[in-house]
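Spelled out, the chains give:
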There are 2 protein chains.
Amino acid sequence: MSDLDPPLSTAAMLAIGDEILSGRTKDKNIGHLADILTAAGIDLKEVRIVSDEPERIAAALNDLRTGYTYVFTSGGIGPTHDDVTADAVGLAFGLPVDEHPEAVQRLSEHYAARDLPFTPARRRMTRTPEGATLIDNPVSVAPGFRIGNVFVMAGVPAVFRAMVDAVLPTLPAGRLMLSRAIPCAHGEGVIGDPLAAIQKRYPGVAIGSYPKFGEGKPSTELVLRSRDEVALDAAADEVRAMVAALDQAG
Amino acid sequence: MSDLDPPLSTAAMLAIGDEILSGRTKDKNIGHLADILTAAGIDLKEVRIVSDEPERIAAALNDLRTGYTYVFTSGGIGPTHDDVTADAVGLAFGLPVDEHPEAVQRLSEHYAARDLPFTPARRRMTRTPEGATLIDNPVSVAPGFRIGNVFVMAGVPAVFRAMVDAVLPTLPAGRLMLSRAIPCAHGEGVIGDPLAAIQKRYPGVAIGSYPKFGEGKPSTELVLRSRDEVALDAAADEVRAMVAALDQAG
(Lines give C-alpha, C1' and ligand atoms only; values in the text may rest on other atoms or scores of the structure.)
Protein backbone atom coordinates (compact mmCIF):
# COMPACT_ATOMS: atom_id res chain seq x y z
CA MET A 1 0.00 0.00 0.00
CA SER A 2 1.15 3.55 -0.61
CA ASP A 3 1.52 6.29 1.98
CA LEU A 4 -1.55 7.94 0.47
CA ASP A 5 -3.87 5.18 1.66
CA PRO A 6 -6.40 6.31 4.23
CA PRO A 7 -5.71 4.84 7.67
CA LEU A 8 -7.47 1.53 8.18
CA SER A 9 -10.55 1.77 10.38
CA THR A 10 -11.55 -1.16 12.53
CA ALA A 11 -14.86 -1.88 14.19
CA ALA A 12 -16.48 -4.07 16.79
CA MET A 13 -20.12 -4.85 17.44
CA LEU A 14 -21.78 -5.39 20.79
CA ALA A 15 -25.20 -7.07 20.60
CA ILE A 16 -27.14 -6.75 23.84
CA GLY A 17 -29.99 -8.96 24.98
CA ASP A 18 -30.97 -12.01 27.01
CA GLU A 19 -33.31 -13.06 24.21
CA ILE A 20 -30.40 -13.75 21.83
CA LEU A 21 -28.49 -15.77 24.43
CA SER A 22 -31.56 -17.85 25.31
CA GLY A 23 -32.13 -18.66 21.64
CA ARG A 24 -35.57 -17.05 21.69
CA THR A 25 -34.52 -14.45 19.13
CA LYS A 26 -32.11 -15.33 16.32
CA ASP A 27 -29.83 -12.36 15.70
CA LYS A 28 -30.12 -10.79 12.27
CA ASN A 29 -28.05 -7.68 12.88
CA ILE A 30 -24.52 -9.12 13.03
CA GLY A 31 -24.53 -10.41 9.45
CA HIS A 32 -26.08 -7.19 8.18
CA LEU A 33 -23.51 -4.96 9.88
CA ALA A 34 -20.71 -7.25 8.65
CA ASP A 35 -21.93 -6.83 5.05
CA ILE A 36 -22.32 -3.06 5.33
CA LEU A 37 -18.94 -2.45 6.98
CA THR A 38 -17.12 -4.68 4.49
CA ALA A 39 -18.71 -2.71 1.66
CA ALA A 40 -17.58 0.52 3.34
CA GLY A 41 -13.97 -0.63 3.72
CA ILE A 42 -14.15 -0.82 7.52
CA ASP A 43 -12.80 -4.02 9.09
CA LEU A 44 -15.21 -5.67 11.53
CA LYS A 45 -12.77 -7.41 13.89
CA GLU A 46 -14.84 -8.66 16.80
CA VAL A 47 -18.43 -9.22 17.87
CA ARG A 48 -19.73 -9.83 21.37
CA ILE A 49 -23.19 -10.76 22.60
CA VAL A 50 -23.92 -10.03 26.26
CA SER A 51 -26.95 -10.17 28.54
CA ASP A 52 -29.05 -7.24 29.80
CA GLU A 53 -26.77 -6.56 32.78
CA PRO A 54 -25.31 -3.03 32.97
CA GLU A 55 -21.98 -4.15 34.48
CA ARG A 56 -21.39 -6.79 31.78
CA ILE A 57 -22.38 -4.38 29.02
CA ALA A 58 -20.10 -1.65 30.39
CA ALA A 59 -17.13 -4.01 30.79
CA ALA A 60 -17.49 -5.34 27.24
CA LEU A 61 -17.93 -1.84 25.87
CA ASN A 62 -14.79 -0.57 27.58
CA ASP A 63 -12.79 -3.47 26.14
CA LEU A 64 -14.09 -2.82 22.64
CA ARG A 65 -14.06 0.99 22.48
CA THR A 66 -10.41 1.12 23.48
CA GLY A 67 -9.46 -1.63 21.04
CA TYR A 68 -11.16 -0.54 17.81
CA THR A 69 -11.88 2.63 15.85
CA TYR A 70 -15.68 2.28 16.16
CA VAL A 71 -18.11 0.24 18.24
CA PHE A 72 -21.68 -0.40 17.13
CA THR A 73 -24.20 -1.66 19.68
CA SER A 74 -27.64 -3.17 19.10
CA GLY A 75 -30.49 -3.59 21.55
CA GLY A 76 -31.66 -2.38 24.93
CA ILE A 77 -32.81 1.17 24.10
CA GLY A 78 -36.58 0.73 24.33
CA PRO A 79 -38.99 1.94 27.04
CA THR A 80 -39.10 -1.07 29.34
CA HIS A 81 -37.17 -1.90 32.52
CA ASP A 82 -34.98 -4.46 30.68
CA ASP A 83 -33.68 -1.70 28.36
CA VAL A 84 -30.53 -0.78 30.25
CA THR A 85 -28.12 0.12 27.44
CA ALA A 86 -28.10 3.92 27.96
CA ASP A 87 -27.26 3.49 31.65
CA ALA A 88 -24.62 0.88 30.84
CA VAL A 89 -22.96 3.18 28.30
CA GLY A 90 -22.97 6.00 30.86
CA LEU A 91 -21.37 3.61 33.35
CA ALA A 92 -18.69 2.65 30.82
CA PHE A 93 -17.82 6.27 30.04
CA GLY A 94 -18.23 7.50 33.63
CA LEU A 95 -20.83 10.01 32.44
CA PRO A 96 -24.20 10.96 33.94
CA VAL A 97 -27.25 9.80 31.99
CA ASP A 98 -30.19 12.13 31.56
CA GLU A 99 -32.97 13.08 29.16
CA HIS A 100 -31.60 14.51 25.91
CA PRO A 101 -33.55 17.73 25.14
CA GLU A 102 -33.72 17.10 21.38
CA ALA A 103 -34.94 13.52 21.97
CA VAL A 104 -37.57 14.80 24.41
CA GLN A 105 -38.75 17.27 21.78
CA ARG A 106 -38.96 14.66 19.00
CA LEU A 107 -40.84 12.14 21.12
CA SER A 108 -43.17 14.63 22.81
CA GLU A 109 -44.21 15.95 19.38
CA HIS A 110 -44.62 12.41 18.07
CA TYR A 111 -46.93 11.34 20.90
CA ALA A 112 -48.82 14.65 21.01
CA ALA A 113 -49.60 14.28 17.30
CA ARG A 114 -51.09 10.87 18.05
CA ASP A 115 -52.95 11.90 21.23
CA LEU A 116 -50.85 9.46 23.24
CA PRO A 117 -49.53 10.24 26.73
CA PHE A 118 -45.77 10.81 27.06
CA THR A 119 -45.42 8.27 29.88
CA PRO A 120 -42.35 7.83 32.13
CA ALA A 121 -41.65 4.60 30.20
CA ARG A 122 -41.63 6.49 26.89
CA ARG A 123 -39.44 9.20 28.43
CA ARG A 124 -36.85 6.49 29.18
CA MET A 125 -36.14 6.42 25.44
CA THR A 126 -34.81 10.00 25.60
CA ARG A 127 -32.04 9.18 28.08
CA THR A 128 -28.42 9.40 26.87
CA PRO A 129 -25.04 9.92 28.50
CA GLU A 130 -24.12 13.60 28.73
CA GLY A 131 -22.67 14.92 25.47
CA ALA A 132 -24.24 12.29 23.20
CA THR A 133 -25.51 13.22 19.75
CA LEU A 134 -28.65 11.58 18.38
CA ILE A 135 -28.94 8.99 15.61
CA ASP A 136 -32.13 9.40 13.59
CA ASN A 137 -34.79 6.70 13.64
CA PRO A 138 -37.06 7.09 10.60
CA VAL A 139 -38.94 3.88 11.52
CA SER A 140 -40.22 4.53 15.04
CA VAL A 141 -38.81 7.98 16.00
CA ALA A 142 -37.04 7.05 19.31
CA PRO A 143 -33.42 7.87 18.48
CA GLY A 144 -30.16 6.04 18.99
CA PHE A 145 -27.09 8.02 19.99
CA ARG A 146 -23.38 8.43 19.47
CA ILE A 147 -20.95 9.09 22.29
CA GLY A 148 -17.25 9.14 21.48
CA ASN A 149 -16.55 6.30 19.08
CA VAL A 150 -19.62 4.30 20.19
CA PHE A 151 -22.85 4.15 18.17
CA VAL A 152 -25.84 2.95 20.19
CA MET A 153 -28.64 1.53 18.08
CA ALA A 154 -31.88 -0.43 18.40
CA GLY A 155 -32.11 -4.21 18.27
CA VAL A 156 -35.26 -4.46 16.14
CA PRO A 157 -33.74 -5.28 12.74
CA ALA A 158 -35.70 -2.71 10.72
CA VAL A 159 -34.69 0.05 13.12
CA PHE A 160 -31.10 -1.19 13.42
CA ARG A 161 -30.74 -1.08 9.64
CA ALA A 162 -32.22 2.40 9.37
CA MET A 163 -29.82 3.64 12.05
CA VAL A 164 -26.82 2.01 10.33
CA ASP A 165 -27.90 3.76 7.14
CA ALA A 166 -27.97 7.07 9.03
CA VAL A 167 -24.54 6.54 10.60
CA LEU A 168 -22.44 5.13 7.76
CA PRO A 169 -22.27 8.28 5.59
CA THR A 170 -20.83 10.18 8.59
CA LEU A 171 -17.76 7.91 8.76
CA PRO A 172 -14.68 8.24 6.55
CA ALA A 173 -14.76 5.40 4.03
CA GLY A 174 -11.77 3.09 4.18
CA ARG A 175 -9.94 1.64 1.26
CA LEU A 176 -12.12 -1.19 0.06
CA MET A 177 -11.21 -4.75 0.80
CA LEU A 178 -11.15 -6.51 -2.57
CA SER A 179 -11.93 -10.18 -2.98
CA ARG A 180 -11.70 -12.97 -5.52
CA ALA A 181 -13.76 -16.14 -5.12
CA ILE A 182 -12.49 -19.28 -6.83
CA PRO A 183 -14.62 -22.44 -6.88
CA CYS A 184 -12.67 -25.63 -6.37
CA ALA A 185 -13.94 -29.18 -6.92
CA HIS A 186 -11.44 -30.61 -4.44
CA GLY A 187 -11.68 -31.02 -0.69
CA GLU A 188 -9.54 -29.22 1.86
CA GLY A 189 -7.44 -32.30 2.50
CA VAL A 190 -6.25 -32.18 -1.13
CA ILE A 191 -5.67 -28.45 -1.47
CA GLY A 192 -4.40 -27.73 2.04
CA ASP A 193 -0.70 -28.14 1.37
CA PRO A 194 -0.35 -26.33 -2.00
CA LEU A 195 -2.67 -23.58 -0.75
CA ALA A 196 -0.53 -23.03 2.35
CA ALA A 197 2.51 -22.66 0.07
CA ILE A 198 0.77 -19.93 -1.95
CA GLN A 199 -0.37 -18.17 1.24
CA LYS A 200 3.24 -18.09 2.41
CA ARG A 201 4.31 -16.24 -0.74
CA TYR A 202 1.54 -13.62 -0.41
CA PRO A 203 1.45 -12.38 3.21
CA GLY A 204 -0.63 -9.33 2.21
CA VAL A 205 -3.44 -11.48 0.83
CA ALA A 206 -5.77 -13.39 3.19
CA ILE A 207 -6.62 -16.72 1.59
CA GLY A 208 -9.66 -18.40 3.07
CA SER A 209 -10.90 -21.89 2.35
CA TYR A 210 -14.56 -22.77 2.97
CA PRO A 211 -15.51 -26.44 2.75
CA LYS A 212 -18.80 -27.62 1.31
CA PHE A 213 -20.36 -31.01 1.82
CA GLY A 214 -22.93 -31.47 -0.88
CA GLU A 215 -23.66 -34.08 -3.52
CA GLY A 216 -21.46 -36.70 -1.92
CA LYS A 217 -18.12 -35.16 -2.77
CA PRO A 218 -16.33 -32.50 -0.70
CA SER A 219 -15.51 -29.27 -2.51
CA THR A 220 -14.38 -25.84 -1.39
CA GLU A 221 -14.76 -22.21 -2.17
CA LEU A 222 -11.49 -20.32 -2.04
CA VAL A 223 -11.75 -16.63 -1.21
CA LEU A 224 -8.77 -14.29 -1.48
CA ARG A 225 -9.00 -10.88 0.17
CA SER A 226 -6.65 -7.90 0.05
CA ARG A 227 -6.60 -4.15 -0.30
CA ASP A 228 -3.72 -4.52 -2.77
CA GLU A 229 -5.20 -5.38 -6.16
CA VAL A 230 -1.87 -6.29 -7.81
CA ALA A 231 -0.91 -8.80 -5.12
CA LEU A 232 -4.48 -10.07 -5.01
CA ASP A 233 -4.61 -10.85 -8.72
CA ALA A 234 -1.17 -12.47 -8.71
CA ALA A 235 -2.18 -14.73 -5.83
CA ALA A 236 -5.52 -15.52 -7.48
CA ASP A 237 -3.69 -16.55 -10.67
CA GLU A 238 -1.57 -18.98 -8.67
CA VAL A 239 -4.61 -20.43 -6.92
CA ARG A 240 -6.44 -20.90 -10.24
CA ALA A 241 -3.36 -22.66 -11.67
CA MET A 242 -3.25 -24.94 -8.61
CA VAL A 243 -6.93 -25.85 -9.04
CA ALA A 244 -6.43 -26.49 -12.78
CA ALA A 245 -3.48 -28.80 -12.06
CA LEU A 246 -5.58 -30.75 -9.55
CA ASP A 247 -8.45 -30.97 -12.06
CA GLN A 248 -6.06 -32.51 -14.61
CA ALA A 249 -4.54 -34.89 -12.07
CA GLY A 250 -7.97 -36.00 -10.85
CA MET B 1 -34.51 -22.27 45.15
CA SER B 2 -33.75 -25.01 47.66
CA ASP B 3 -30.34 -26.16 48.79
CA LEU B 4 -30.89 -29.33 46.78
CA ASP B 5 -30.76 -27.49 43.46
CA PRO B 6 -27.80 -28.43 41.27
CA PRO B 7 -25.27 -25.61 40.97
CA LEU B 8 -26.00 -23.33 38.05
CA SER B 9 -23.72 -23.91 35.07
CA THR B 10 -22.87 -21.03 32.79
CA ALA B 11 -21.45 -21.11 29.30
CA ALA B 12 -19.85 -18.92 26.68
CA MET B 13 -19.38 -19.47 22.97
CA LEU B 14 -16.41 -18.38 20.88
CA ALA B 15 -17.06 -18.42 17.13
CA ILE B 16 -13.87 -18.20 15.10
CA GLY B 17 -13.56 -17.05 11.52
CA ASP B 18 -12.86 -14.13 9.23
CA GLU B 19 -15.70 -15.26 6.99
CA ILE B 20 -18.32 -14.44 9.65
CA LEU B 21 -16.84 -11.00 10.34
CA SER B 22 -16.69 -10.15 6.62
CA GLY B 23 -20.34 -11.09 6.20
CA ARG B 24 -19.48 -13.77 3.66
CA THR B 25 -20.85 -16.52 5.91
CA LYS B 26 -23.89 -15.91 8.11
CA ASP B 27 -23.39 -17.73 11.39
CA LYS B 28 -25.93 -20.46 12.12
CA ASN B 29 -24.25 -22.00 15.15
CA ILE B 30 -24.86 -19.35 17.80
CA GLY B 31 -28.65 -19.65 17.69
CA HIS B 32 -28.44 -23.43 17.64
CA LEU B 33 -26.15 -23.62 20.68
CA ALA B 34 -28.35 -21.09 22.50
CA ASP B 35 -31.39 -23.30 21.95
CA ILE B 36 -29.63 -26.49 23.02
CA LEU B 37 -28.06 -25.01 26.15
CA THR B 38 -31.32 -23.40 27.24
CA ALA B 39 -33.06 -26.76 26.87
CA ALA B 40 -30.29 -28.37 28.95
CA GLY B 41 -30.59 -25.83 31.78
CA ILE B 42 -27.18 -24.28 31.11
CA ASP B 43 -27.08 -20.48 30.94
CA LEU B 44 -25.36 -19.12 27.83
CA LYS B 45 -24.04 -15.80 29.14
CA GLU B 46 -21.73 -14.46 26.43
CA VAL B 47 -20.78 -15.00 22.79
CA ARG B 48 -17.74 -13.64 20.98
CA ILE B 49 -16.81 -13.78 17.33
CA VAL B 50 -13.12 -13.26 16.53
CA SER B 51 -10.94 -13.48 13.46
CA ASP B 52 -8.49 -16.26 12.50
CA GLU B 53 -5.62 -14.76 14.53
CA PRO B 54 -4.13 -17.05 17.20
CA GLU B 55 -3.35 -14.25 19.66
CA ARG B 56 -6.90 -12.85 19.49
CA ILE B 57 -8.44 -16.31 19.80
CA ALA B 58 -6.23 -17.15 22.79
CA ALA B 59 -6.96 -13.85 24.56
CA ALA B 60 -10.72 -14.25 24.12
CA LEU B 61 -10.57 -17.88 25.20
CA ASN B 62 -8.68 -17.03 28.39
CA ASP B 63 -11.26 -14.38 29.27
CA LEU B 64 -14.12 -16.79 28.73
CA ARG B 65 -12.77 -20.01 30.22
CA THR B 66 -11.99 -18.28 33.51
CA GLY B 67 -15.38 -16.53 33.59
CA TYR B 68 -17.79 -19.36 32.81
CA THR B 69 -18.31 -23.05 33.58
CA TYR B 70 -17.95 -24.14 29.94
CA VAL B 71 -16.73 -22.61 26.70
CA PHE B 72 -17.80 -23.91 23.28
CA THR B 73 -15.83 -22.87 20.22
CA SER B 74 -16.77 -23.20 16.55
CA GLY B 75 -14.53 -23.04 13.51
CA GLY B 76 -10.90 -23.22 12.50
CA ILE B 77 -10.21 -26.95 12.92
CA GLY B 78 -9.96 -27.98 9.26
CA PRO B 79 -6.88 -28.91 7.20
CA THR B 80 -5.96 -25.54 5.69
CA HIS B 81 -3.48 -22.88 6.79
CA ASP B 82 -6.28 -20.59 8.03
CA ASP B 83 -7.39 -23.25 10.53
CA VAL B 84 -5.46 -22.06 13.57
CA THR B 85 -7.79 -22.93 16.45
CA ALA B 86 -5.82 -25.89 17.87
CA ASP B 87 -2.65 -23.78 18.05
CA ALA B 88 -4.57 -20.87 19.56
CA VAL B 89 -6.08 -23.12 22.25
CA GLY B 90 -2.61 -24.49 23.04
CA LEU B 91 -1.37 -20.91 23.31
CA ALA B 92 -4.22 -20.01 25.68
CA PHE B 93 -3.54 -22.99 27.96
CA GLY B 94 0.27 -22.80 27.67
CA LEU B 95 0.32 -26.37 26.36
CA PRO B 96 2.27 -27.91 23.47
CA VAL B 97 0.18 -28.91 20.45
CA ASP B 98 0.87 -32.19 18.70
CA GLU B 99 -0.81 -35.01 16.76
CA HIS B 100 -3.29 -36.91 18.95
CA PRO B 101 -2.63 -40.66 18.47
CA GLU B 102 -6.32 -41.65 18.49
CA ALA B 103 -7.14 -38.92 15.95
CA VAL B 104 -4.26 -40.09 13.75
CA GLN B 105 -5.63 -43.63 13.88
CA ARG B 106 -9.19 -42.59 13.02
CA LEU B 107 -8.15 -40.42 10.09
CA SER B 108 -5.49 -42.76 8.70
CA GLU B 109 -8.05 -45.60 8.64
CA HIS B 110 -10.62 -43.30 7.07
CA TYR B 111 -8.33 -42.24 4.22
CA ALA B 112 -6.82 -45.71 3.74
CA ALA B 113 -10.33 -47.14 3.29
CA ARG B 114 -10.90 -44.57 0.54
CA ASP B 115 -7.50 -44.96 -1.13
CA LEU B 116 -6.72 -41.32 -0.35
CA PRO B 117 -3.30 -40.11 0.76
CA PHE B 118 -2.96 -38.97 4.38
CA THR B 119 -1.39 -35.64 3.42
CA PRO B 120 0.31 -33.19 5.80
CA ALA B 121 -2.77 -30.96 5.44
CA ARG B 122 -5.05 -33.79 6.55
CA ARG B 123 -2.69 -34.61 9.41
CA ARG B 124 -3.21 -31.04 10.69
CA MET B 125 -6.70 -32.12 11.74
CA THR B 126 -5.22 -34.53 14.31
CA ARG B 127 -3.41 -31.81 16.26
CA THR B 128 -4.61 -31.01 19.78
CA PRO B 129 -3.10 -29.49 22.91
CA GLU B 130 -1.49 -32.09 25.14
CA GLY B 131 -4.03 -33.88 27.34
CA ALA B 132 -7.07 -33.17 25.16
CA THR B 133 -9.79 -35.79 24.73
CA LEU B 134 -11.53 -36.18 21.37
CA ILE B 135 -15.08 -35.20 20.42
CA ASP B 136 -16.59 -37.59 17.86
CA ASN B 137 -17.48 -36.36 14.39
CA PRO B 138 -19.99 -38.74 12.81
CA VAL B 139 -20.30 -36.48 9.75
CA SER B 140 -16.75 -36.17 8.42
CA VAL B 141 -14.58 -38.11 10.94
CA ALA B 142 -12.02 -35.39 11.83
CA PRO B 143 -12.66 -34.94 15.56
CA GLY B 144 -13.09 -31.94 17.79
CA PHE B 145 -11.55 -31.99 21.24
CA ARG B 146 -12.08 -31.06 24.87
CA ILE B 147 -9.35 -29.57 27.02
CA GLY B 148 -10.26 -28.44 30.54
CA ASN B 149 -13.64 -26.72 30.36
CA VAL B 150 -13.25 -25.84 26.65
CA PHE B 151 -14.99 -27.77 23.85
CA VAL B 152 -13.44 -27.18 20.43
CA MET B 153 -15.79 -27.93 17.54
CA ALA B 154 -16.10 -27.44 13.80
CA GLY B 155 -17.70 -24.41 12.13
CA VAL B 156 -19.58 -26.27 9.39
CA PRO B 157 -23.11 -26.30 10.87
CA ALA B 158 -23.84 -30.01 10.27
CA VAL B 159 -20.59 -30.98 11.99
CA PHE B 160 -21.00 -28.42 14.77
CA ARG B 161 -24.44 -29.81 15.57
CA ALA B 162 -23.23 -33.41 15.58
CA MET B 163 -20.40 -32.46 17.96
CA VAL B 164 -22.79 -30.57 20.28
CA ASP B 165 -24.98 -33.68 20.31
CA ALA B 166 -21.93 -35.75 21.30
CA VAL B 167 -20.87 -33.35 24.07
CA LEU B 168 -24.14 -32.44 25.78
CA PRO B 169 -24.90 -35.82 27.38
CA THR B 170 -21.47 -35.70 29.08
CA LEU B 171 -22.39 -32.51 31.01
CA PRO B 172 -24.47 -32.42 34.20
CA ALA B 173 -27.90 -31.05 33.32
CA GLY B 174 -28.82 -27.88 35.16
CA ARG B 175 -32.18 -27.05 36.62
CA LEU B 176 -34.29 -26.02 33.67
CA MET B 177 -35.07 -22.40 33.05
CA LEU B 178 -38.87 -22.21 32.78
CA SER B 179 -40.64 -19.59 30.72
CA ARG B 180 -44.09 -18.15 30.15
CA ALA B 181 -44.88 -16.17 27.00
CA ILE B 182 -47.76 -13.70 27.16
CA PRO B 183 -48.93 -11.94 24.00
CA CYS B 184 -49.83 -8.31 24.51
CA ALA B 185 -51.69 -6.06 22.06
CA HIS B 186 -50.12 -2.92 23.53
CA GLY B 187 -46.83 -1.22 22.74
CA GLU B 188 -43.89 -0.90 25.09
CA GLY B 189 -44.64 2.75 25.76
CA VAL B 190 -47.97 1.74 27.32
CA ILE B 191 -46.83 -1.29 29.31
CA GLY B 192 -43.38 -0.05 30.36
CA ASP B 193 -44.37 1.51 33.68
CA PRO B 194 -46.75 -1.17 35.06
CA LEU B 195 -44.38 -3.89 33.85
CA ALA B 196 -41.44 -2.32 35.66
CA ALA B 197 -43.54 -2.31 38.85
CA ILE B 198 -44.22 -6.05 38.51
CA GLN B 199 -40.54 -6.73 37.78
CA LYS B 200 -39.64 -4.93 41.01
CA ARG B 201 -41.87 -7.27 43.03
CA TYR B 202 -40.35 -10.43 41.45
CA PRO B 203 -36.54 -10.08 41.43
CA GLY B 204 -36.14 -13.85 40.80
CA VAL B 205 -38.11 -13.68 37.55
CA ALA B 206 -36.58 -12.11 34.44
CA ILE B 207 -39.32 -10.28 32.55
CA GLY B 208 -38.46 -9.51 28.94
CA SER B 209 -40.45 -7.36 26.56
CA TYR B 210 -40.06 -7.85 22.81
CA PRO B 211 -41.67 -5.26 20.57
CA LYS B 212 -43.28 -6.12 17.26
CA PHE B 213 -44.08 -3.70 14.49
CA GLY B 214 -46.61 -5.35 12.27
CA GLU B 215 -50.01 -4.46 10.87
CA GLY B 216 -49.67 -0.80 11.70
CA LYS B 217 -50.03 -1.10 15.47
CA PRO B 218 -47.18 -1.83 17.89
CA SER B 219 -47.60 -4.90 20.07
CA THR B 220 -45.26 -6.89 22.30
CA GLU B 221 -44.54 -10.36 23.42
CA LEU B 222 -43.81 -10.59 27.12
CA VAL B 223 -41.58 -13.45 28.20
CA LEU B 224 -41.04 -14.33 31.86
CA ARG B 225 -38.17 -16.65 32.78
CA SER B 226 -37.23 -18.24 36.08
CA ARG B 227 -36.09 -21.50 37.61
CA ASP B 228 -38.65 -20.97 40.42
CA GLU B 229 -42.02 -22.15 39.10
CA VAL B 230 -44.08 -20.71 41.98
CA ALA B 231 -42.65 -17.21 41.59
CA LEU B 232 -42.86 -17.51 37.80
CA ASP B 233 -46.57 -18.33 37.80
CA ALA B 234 -47.35 -15.63 40.34
CA ALA B 235 -45.56 -13.03 38.22
CA ALA B 236 -47.21 -14.33 35.05
CA ASP B 237 -50.65 -13.97 36.69
CA GLU B 238 -49.87 -10.35 37.48
CA VAL B 239 -48.70 -9.65 33.95
CA ARG B 240 -51.82 -11.26 32.47
CA ALA B 241 -54.00 -9.14 34.79
CA MET B 242 -52.09 -6.02 33.67
CA VAL B 243 -52.66 -6.87 29.99
CA ALA B 244 -56.35 -7.59 30.63
CA ALA B 245 -56.76 -4.24 32.38
CA LEU B 246 -55.14 -2.45 29.41
CA ASP B 247 -57.37 -4.37 26.99
CA GLN B 248 -60.44 -3.12 28.89
CA ALA B 249 -59.15 0.44 29.10
CA GLY B 250 -58.30 0.48 25.39
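Residues numbered from 1 in each chain as written. Chains lettered and ligands numbered in written order. Predicted model: local features only at pLDDT ≥ 70, side-chain atom pairs only at ≥ 80, totals over all residues. Heavy atoms only, no water.

A word on the interface of chain B and chain A
With 53 residues of chain B in contact, the opposing surface of chain A contributes 53 residues. Both sides of the chain B and chain A interface together cover about 4300 Å² of buried area, and 56% of this is carbon and sulfur. When the buried area of chain B at its contact with chain A is split by residue, Leu21, Arg24 and His81 of chain B rank highest and sum to 14% of it. Counting every contact that joins chain B to chain A gives six salt bridges. Where glutamate 53 of chain A meets lysine 45 of chain B, a salt bridge forms, and the shortest distance between an N and an O atom there is 3.2 Å. Our enumeration of links across chain B and chain A arrives at 24 residue pairs in polar contact (both at pLDDT 80 or more). (Contact = heavy atoms within 4.5 Å. Buried area = accessible area lost by both parts, 1.4 Å probe. Salt bridge = Lys/Arg side-chain N within 4 Å of Asp/Glu carboxyl O. Polar contact = N/O pair within 3.5 Å; in protein donor to acceptor, adjacent residues only side chain to side chain.)

Some details on the nonpolar core
One finds Phe72 of chain A together with Phe72 of chain B to be the most contacted residues of the largest nonpolar core, which totals 100 residues. Excluding residues within four positions of it along the chain, phenylalanine 72 of chain B makes contact with Ala11, Ala12, Met13, Leu14, Leu33, Leu37, Phe151, Met153, Val167 and Leu171 of chain B. Ile182, Leu195, Leu224 and Ala236 of chain B belong to the second-largest nonpolar core, a separate cluster that totals 18 residues. (Core = buried A, V, L, I, M, F, W, Y, C linked by side-chain atoms within 4.5 Å. Buried < 20%, exposed > 50% of the residue type's maximum accessible area, 1.4 Å probe, protein only.)

Some words on the packing of helix α8 (residues 188–201) of chain A against helix α9 (residues 229–249) of chain A
Residue and element names in this part refer to chain A. Running from N to C, α8 and α9 cross one another at 160°; their axes reach a closest spacing of 10 Å. For the element pair α8 / α9, the angle class is roughly antiparallel. Our pair here, α8 against α9, has a crossing hand that is right-handed. Note on element contacts: α9 touches α8 through Ala235, Glu238, Val239, Met242 and Leu246, opposite Val190, Ile191, Pro194, Leu195, Ile198 and Arg201. Split by residue class, the contact of α8 with α9 holds nine nonpolar, no polar and two charged. (Axes fitted to C-alpha atoms, helices over the stretch in contact; angles between N-to-C directions. Helix = DSSP H or I, 4+ residues; strand = E, 2+ residues; numbered from the N terminus. Parallel < 35°, antiparallel > 145°, perpendicular 65-115°, else oblique. Left-handed = near helix turned anticlockwise from the far one by under 90°. Nonpolar A, V, L, I, M, F, W, Y, C, P; charged D, E, K, R; others polar.)

What about the packing of aromatic side chains?
Residues and elements named next belong to chain A. Scanning all chains against the criterion turns up eight aromatic pairs over all chains. Look at phenylalanine 72 and phenylalanine 151: their rings are 5.3 Å apart centre to centre, the planes differ by 15°, and that puts the pair in the stacked class. Within this pair, whereas phenylalanine 72 is found in strand β3 (residues 70–74), its partner phenylalanine 151 is found in strand β8 (residues 150–153), the two being separated by 79 residues in sequence. With respect to burial, phenylalanine 72 and phenylalanine 151 carry one shared label: buried. Members of the aromatic cluster, each reached through a chain of ring pairs, are Tyr70, Phe72 and Phe151. For the cation-ring pair, arginine 65 lies above phenylalanine 93, with the distance from its terminal atom to the ring centre recorded as 3.8 Å. (Phe/Tyr/Trp six-rings, centres within 6.5 Å; stacked < 30°, edge-to-face > 60°. Lys NZ or Arg CZ within 6 Å of the ring centre and 35° of its normal.)

Considering the sheet that holds strand β2 (residues 43–50) of chain A
The strand order across the open sheet formed by 12 strands is β6(A)-β7(A)-β8(A)-β3(A)-β1(A)-β2(A)-β2(B)-β1(B)-β3(B)-β8(B)-β7(B)-β6(B), and the pairing between neighbours is mixed. What marks the edges here is a single partner per strand, and that holds for β6 (133–135) of chain A together with β6 (133–135) of chain B. Taken pair by pair, the neighbouring strands of this sheet meet at an average axis angle of 20°, ignoring direction. Packing against the sheet, helix α4 (residues 85–93) of chain B makes contact with β1 (10–16), β3 (70–74), β7 (144–147) and β8 (150–153) of chain B, and its axis sits at approximately 5° to β7 of chain B. (Pairing = 2+ DSSP bridges.)

Comments concerning the relation of the copies chain B and chain A
In screw terms, the move from chain B to chain A is a rotation of 180° and a rise of 0.0 Å along the axis, fitting with an RMSD of 0.0 Å. Taken together, these values place the two copies in the relation of a two-fold axis. Identified as the residue of chain B closest to the rotation axis by C-alpha distance is arginine 48 of chain B, at 2.2 Å. A shared binding surface is used by both copies, with 100% of the interface residues of chain B retained as interface residues in chain A. (Least-squares fit on C-alpha atoms with pLDDT ≥ 70 in both.)

Considerations on the environment of alanine 34 of chain B
Mapping alanine 34 of chain B onto the fold places it in helix α2 (residues 29–39). Put simply, alanine 34 of chain B and leucine 44 of chain B are 10 residues apart on the chain and 6.4 Å apart in space, counted from C-alpha to C-alpha. Discounting chain neighbours no more than four positions away, the residues touching alanine 34 of chain B are Ile20, Leu21, Ser22 and Gly23 of chain A together with Leu44 of chain B.

Digging into the domain arrangement of chain A
We note that the domain assignment places domain 1 (10–170) and domain 2 (178–249) within chain A. Computed over C-alpha atoms, the centres of domain 1 of chain A and domain 2 of chain A are 39 Å apart. (Domains from an automatic or database assignment.)

Observations concerning the side chain of arginine 122 of chain B
Looking at the secondary structure, you find arginine 122 of chain B in helix α6 (residues 120–124). At 8.1 Å, aspartate 193 of chain A is the nearest oppositely charged side chain to arginine 122 of chain B, a buried residue that forms no salt bridge. Beyond its immediate chain neighbours, meaning those up to four positions away, arginine 122 of chain B contacts Gly189 and Val190 of chain A together with Pro79, Leu107, Tyr111, Leu116 and Pro117 of chain B. (Lys, Arg positive; Asp, Glu negative; His and termini not counted.)

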